[in-house]
Amino acid sequence: MTNLVKKEPQEGGKHQLHNVRFYTIKPRGITSLAYSKQSKCLALSRETPIIELWNMEYTPYLDRTIHLSSDVAVEALAWAGNRLFSVNLSGQLIEWDLVNLKPRYEHSPTGNSLWCLDINAAETELAVGSEEGHINILSIENDELTYKSLFNKQKGRVICLKYDKTGKKIVTGTEGCVRIWNVLKGNILHTMTLSAKDVTVWSLLFLSDNTIVAGDSAGLVTVWNADNATQIHCSRVLDKNVCALAVNEKEDRLVCSGMQPPLIRIFSKTQIKREESTSERWVKFLQRDAHKHYVKSLVVINGRIVSGGQDGILTITSSERMQAHLSQHAPFLKGSVASLSVSEKLLLLRYPNSLHLWRLGSVAPTPEEKKKRQWMQPVGHTEELLLENPPEKLLELNVNEKNFIQASAISPDAQWICYSTLKEVRLSRFKTEPPSVERLVDSFPADFQPASHIVFSKQGKLALLHPHNNHLSLFTVKEESVTFQNSIDLSEHCKGTISHLVISSQGEYLVVGTSDHIVAVWKLQGNQYKHLLNLPRHRAATTAVSMQEDHPKVVVAYANGRLVEYDLVKRRFTCETDEYLIPDTRHHCITGISLDARNPNIFLVNTENNLYVLERNQQAEQEDYVVNSKAKRLSKDNRASVSASSKGLIVKMELPRQVRSHLVHVSRLSSNELVNVSISTNNLLAPLPPPFQRKKFGAS
């Protein structure tokens, strides 16, 4: 570890870290990106039937996921304000309910496969292009989706289309040509042919200066004048297949990428003077080597280039020369992917269609002399230990490929394994010798329904969170039966999608975090949980929630890098940090918080890149960072005054980053043991075809 604060180690500060590197999921390629400036939300579709919603207001954070009922993946996405639309190759146009995460309106404009869609600047019309060459216009006014008109059929499929800024013209791309259409009459105004008949247009832009930019399968980017259909400029950008084009808000930066090579190339709009005439041309400006496999979609958000493609990694880089930072977000599953049985040291890993149960390795006994020498090492010293027993895979549970496992958990005593698909919940009894599972098939209570979160408490209770109505059901699991205890209606205080669920170690408190920035707390009174309070609502999204084991304190991390600790008894903040205390949180948000029961002043937090140790600043007086939640809310005005005097936490050390790996899960196994689950980028990309090999001058 890197020691950032020069202090002597405290008693019991030595930890063993189980570095789990055998968790690898298959890459799920990104097919489409769409950004809403109004809600600051990035919608992302993959090759699997799923839509991801990323909060981009501060540090990018996977906020919600929508699982499609059909097996057909989304082909294109578009926003109209806060309304999200998608099309797929089964011919469906769907508007999505982003609160309940299900279809709101479904429409089949032609009955054929739909390849593309776009929405006009006024957000009153929507155009879709089909396999048979049809272009349909639908009205989205008055919060509805109704049929409006049908254009004349063209030859060949409509692969891409774009509205102009006035909404009076549409440009479409197909094999061999680009066409400009009159929206009112539905007929063709101009047809522009490409370099060859077999060249296909993959991407289009219709700029405010009435120029059209097209990227095609020959690797060319061509610019046309939309008024008279004349070609202004044509240049070879890639060897083959310019799959994606994007432009910034000022329309002075053009970004393109594709297949061979998968580089992101940036062009700048520049005035060219020749004798007495002046014209504007797109001139090469920058290039980013961010992907090894082909890029399918691009979006420019406030100067940041967001890209995705075959590797499934969401990549964010800058379009400016002085800012070359590259951040990558691996295709993780939403929610917790790991569950621990502390008593038996078992690790349950969740995959999209399977569960893997592992027994963690054990360390060989350390001689007493070596133990004494270890305490003489400086703070942050690390070393590899010899394993007496290596990790062992005990069993694997598989489900049908059409069933997605959205949550799973193993009980603390390792006697029960519970997991939920989108359609049902399954509970199995686990036996260690020999490793085997026996599924309970007896009649379950009516409330034993699919759950987005599954928690086994130390008191032997099973909690299931039902996402369709935000109800939490509690059960008692015995040898041969499951008994329903009670149900808690969380929807009164949590209207949005619940993304975090924490039950205290003693079962006294229940903490819930939602997608609309609410953190609510319930307290056990008798046999029922009663709502206690809501934490002051923060303007940034909640990315991680945890509770102190022996103290009624909640620790919350936000997307802007802030970390706060709240005392539920005194109802006040006892600790907080400034925004982006950890520099890495500008690019990767805090996704996990692990607390030390022996030392409540230590906070272990992890991002996708690193694991950090934070320590409470004992030099700051208590009054300096205590805020009454009833009197002060974390709004823009008073938050500035709070953080100016608050120095609640300091970064003590960070674990050295593993090259080309992504942290998935960090949790505490015992008082001096941690479990770190990570994904290697090389293992993640191993199932894909070999990356494109590009010749580099002066390199072997």
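Residues numbered from 1 in each chain as written. Predicted model: local features only at pLDDT ≥ 70, side-chain atom pairs only at ≥ 80, totals over all residues. Heavy atoms only, no water.

Asks: What exactly am I supposed to notice about the overall build of the chain here?
Replies: On a plain count of helices and strands, the chain comes out with three helices and 59 strands. Sequence separation of at least 24 residues holds for 49% of the intrachain contacts in the chain that already meet a minimum separation of 6. Summing over all exposed atoms, the chain offers an accessible surface of approximately 31700 Å²; the carbon and sulfur share of this is 47%. (Helix = DSSP H or I, 4+ residues; strand = E, 2+ residues; numbered from the N terminus. Contact = heavy atoms within 4.5 Å. Areas by Shrake-Rupley, 256 points an atom, 1.4 Å probe, with all protein chains shown as cover.)

Asks: Whenever I open this one, the sheet that holds strand β36 (residues 392-398) confuses me. Can you help?
Replies: Note: strands within a sheet are paired through backbone hydrogen bonds, in either parallel or antiparallel orientation. The four strands lie next to each other as β31-β32-β33-β36, forming an open sheet whose pairing is antiparallel. Lying at the two open borders of the sheet, with one neighbouring strand each, are β31 (338-341) and β36. Adjacent strand axes in the sheet meet at a mean angle of 20° when their direction is disregarded. (Pairing = 2+ DSSP bridges. Axes fitted to C-alpha atoms, helices over the stretch in contact; angles between N-to-C directions.)

Asks: For this particular structure, what's the right way to read the side chain of Thr 497?
Replies: Examined against the element boundaries, Thr 497 turns out to sit in the loop between β44 (482-489) and β45 (498-503). Within the structure, the side chain of Thr 497 is placed 3.3 Å from the backbone oxygen of Val 99, a separation counted as a polar contact. Among residues more than four places away in sequence, those in contact with Thr 497 are Arg 64, Val 99, Leu 101, Gly 513, Thr 514 and Ser 515. (Polar contact = N/O pair within 3.5 Å; in protein donor to acceptor, adjacent residues only side chain to side chain.)

Asks: Can you help me understand unusual backbone geometry in this one?
Replies: Trans is the common state for peptide bonds, and a negative phi is the common state for residues other than glycine. Cis geometry is found at the peptide bond from Gln 260 to Pro 261, where omega equals -10°. For Pro 261, the position within the fold is in the loop between β24 (253-257) and β25 (264-274). Note that the residue after Glu 433, namely Pro 434, is joined by a cis bond; omega there is -15°. Position of Pro 434 relative to the elements: it lies in the loop between β39 (425-431) and β40 (436-439). With phi around 50°, Asn 302 is a residue other than glycine that occupies positive phi space. Mapped onto the elements of the fold, Asn 302 is located in the loop between β27 (295-301) and β28 (304-309). Residue class for Asn 302 comes out exposed when judged on its relative accessible area of 67%. Despite not being glycine, Tyr 580 has its phi angle at roughly 55°, a positive value. Structurally, Tyr 580 can be placed in the loop between β52 (572-576) and β53 (592-595). (Buried < 20%, exposed > 50% of the residue type's maximum accessible area, 1.4 Å probe, protein only.)

Asks: What is the right way to look at the environment of Val 87 in this model?
Replies: Of note, Val 87 is situated in strand β8 (residues 83-88). With a relative accessible area of 0%, Val 87 lands in the buried category.

Asks: Explain empty space enclosed by the protein here, please?
Replies: The rolling of a water-molecule-sized probe over the atoms marks out the regions of remaining empty space. Overall, the coordinates contain three cavities of 30 Å³ or more when judged by the stated rule. Computed from the structure, the second largest cavity encloses a volume of approximately 50 Å³. Of all the elements in the fold, those that place two or more residues in the lining of the second largest cavity are β21 (220-225) and β22 (230-236). For the lining of the second largest cavity, a count of residues per class yields six nonpolar, two polar and no charged. (1 Å grid on protein atoms, 1.4 Å probe; cavity = no way out; pocket = protein on both sides within 12 Å on 5 of 7 lines; lining within 4 Å. Points joined across faces, edges and corners; volume = space filled by probe spheres on them. Nonpolar A, V, L, I, M, F, W, Y, C, P; charged D, E, K, R; others polar.)

Asks: Sorry, what's going on with the confidence of the model for the chain here?
Replies: Do not read the predicted coordinates in detail wherever pLDDT is low. In this model, the chain carries a mean pLDDT of 86, and residues with pLDDT of at least 70 account for 90%. pLDDT under 50 marks residues 1-11. Its contacts with residues more than four places away, or in other chains, come to 27 contacts. In the model, residues 621-647 has pLDDT below 50 throughout and makes 47 contacts with residues more than four positions away in sequence or in other chains. (pLDDT = per-residue confidence, 0-100.)

Asks: For this particular structure, what's the right way to read the pattern of salt bridges?
Replies: Side chains that carry opposite charge are capable of pairing whenever their charged atoms lie near each other. Applying the stated criterion across every chain, the model contains 28 salt bridges. Here Glu 125 and Lys 148 are joined by a salt bridge, their closest N and O atoms 2.4 Å apart. With Glu 125 in strand β12 (residues 125-130) and Lys 148 in strand β14 (residues 146-150), the pair connects residues that are 23 residues apart, well separated along the chain. According to the relative accessible area criterion, Glu 125 is buried, its value standing at 10%. Assessed through its relative accessible area of 45%, Lys 148 is described here as partly exposed. Look at the salt bridges and you will find they share partners, linking Arg 83, Glu 95, Arg 104 and Asp 143 into a network. (Salt bridge = Lys/Arg side-chain N within 4 Å of Asp/Glu carboxyl O.)

Asks: Would you mind going over the packing of aromatic side chains with me for this structure?
Replies: For any pair of aromatic rings, the description rests on two quantities: the centre-to-centre distance and the angle between the ring planes. In this structure the tally under the stated criterion is seven aromatic pairs. Where Phe 444 meets Phe 448, the ring centres are 4.6 Å apart and the plane angle is 15°; that geometry is what we call stacked. Relative to Phe 475, the ring of Phe 448 lies with its centre 5.3 Å away and its plane at 80°, an arrangement referred to as edge-to-face. Here Phe 475 lies in strand β43 (residues 471-477) and Phe 448 lies in the loop between β40 and β41 (453-456), a separation of 27 residues in the sequence. You'll find Phe 448 and Phe 475 in the same group, each marked buried. (Phe/Tyr/Trp six-rings, centres within 6.5 Å; stacked < 30°, edge-to-face > 60°.)

Asks: Help me understand the sheet that holds strand β47 (residues 519-525), please; the structure alone is not making it clear to me.
Replies: The antiparallel open sheet is built from four strands, whose spatial order is β45-β46-β47-β48. The open sheet has two edge strands with one neighbour each: β45 and β48 (528-534). Taken pair by pair, the neighbouring strands of this sheet meet at an average axis angle of 25°, ignoring direction. Bridging between strand β46 (residues 509-514) and β47 involves five bridges; their strand directions are antiparallel. Paired with Val 511 across the bridge in β47 is Val 521.

Asks: Can you walk me through the side chain of Arg 562 in this structure?
Replies: Mapping Arg 562 onto the fold places it in the loop between β50 (553-558) and β51 (563-567). At 3.0 Å, the side chain of Arg 562 and the backbone oxygen of Thr 577 are in polar contact.

Asks: Help me understand the pairing of β24 in this model?
Replies: Along any regular strand, the residues point their side chains to alternate faces of the sheet. The buried count for β24 comes to five of five residues, which makes it a mostly enclosed element. What you see with β24 is no split at all: Arg 253, Val 255 and Ser 257 on one side and Leu 254 and Cys 256 on the other are buried throughout. Alignment of strand β23 (residues 244-247) against β24, held across four bridges, turns out to be antiparallel. Bridged to Leu 245 within β24 is Cys 256. Linkage of β23 to β24, two consecutive antiparallel strands, is achieved through a turn of five residues, within which Glu 251 is found at a positive phi near 60°. Of the strand pairs in this sheet, β24 and β25 are connected by four bridges, and their pairing is antiparallel. Following the sheet pairing, Leu 254 is matched in β25 by Phe 267. The antiparallel hairpin formed by β24 and β25 contains six residues in its connecting segment.

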